[in-house]
Amino acid sequence: MKEFLVELTTTVPEGTDPSEVDGRRAAEAVRAEELAASGHLVRLWRPVGELRSIGVWRAADEAELHEKVLGTLPLRPWMTSMVTPLEAHPNDPGATGNTT
């Protein structure tokens, strides 16, 4: 699978019933756990004081990422995303197979 840096910003529409927001957030946590277990969600961070997330996600390609991964998030209708495809860097200290 290919890796992608994904920034997600969620904006709840004004006037949305709080119970709907709570339900979607609870479902989002469950779905994130499922995506992590299947190898699609690798890491996820939230910048301090902000309502957005930055994560490393995996999918076969960008189309699959949007349709079958991010598109399955319960909060997706309220999200905007910025996706950056990633590739390995030759100086990555976390790369496997390095023998020094």
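Residues numbered from 1 in each chain as written. Predicted model: local features only at pLDDT ≥ 70, side-chain atom pairs only at ≥ 80, totals over all residues. Heavy atoms only, no water.

Chemist: What exactly am I supposed to notice about the pattern of salt bridges here?
Modeler: One side chain can pair with another of opposite charge once the charged atoms of both are near each other. Here the structure, examined in full by the defined rule, presents five salt bridges. Arg31 is the salt-bridge partner of Glu34, the closest N and O atoms lying 3.0 Å from each other. With a gap of three residues between them, Glu34 and Arg31 both fall in helix α1 (residues 18-37), about one helical turn apart. The class for Glu34 is partly exposed, based on a relative accessible area of 40%. Arg31 gets classed as partly exposed once you look at its relative accessible area, which sits at 21%. Through salt bridges that share partners, Glu7, Glu50 and Arg52 make up one connected network. (Salt bridge = Lys/Arg side-chain N within 4 Å of Asp/Glu carboxyl O. Helix = DSSP H or I, 4+ residues; strand = E, 2+ residues; numbered from the N terminus. Buried < 20%, exposed > 50% of the residue type's maximum accessible area, 1.4 Å probe, protein only.)

Chemist: What should I look at first to understand the environment of Val48 in this one?
Modeler: Its location among the elements puts Val48 in the loop between β2 (41-45) and β3 (52-59). Residue Val48 is classed as exposed on the basis of its relative accessible area, which comes to 84%. Placed 32 residues apart in sequence, Val48 and Thr16 show a C-alpha to C-alpha distance of 25 Å.

Chemist: Hey, could you run me through the packing of aromatic side chains in this one?
Modeler: A ring pair, where both rings are aromatic, is described by two values, the distance of the centres and the angle of the planes. Considering all chains together, one arrives at zero aromatic pairs under this definition. A cation sits over an aromatic face here: Arg24 above Trp78, 4.5 Å from the ring centre. (Phe/Tyr/Trp six-rings, centres within 6.5 Å; stacked < 30°, edge-to-face > 60°. Lys NZ or Arg CZ within 6 Å of the ring centre and 35° of its normal.)

Chemist: Quick question: what am I supposed to make of the pairing of β2 here?
Modeler: In this sheet, β3 lies alongside β2 in antiparallel orientation, the contact comprising four bridges. Bridge pairing in β3 links Arg43 to Val56. The antiparallel pairing of β2 with β3 creates a hairpin that spans six residues between the two strands, and Gly49 there sits at a positive phi of about 75°. (Pairing = 2+ DSSP bridges.)

So, to be careful, I would describe these as geometric facts and stop short of saying anything about function.
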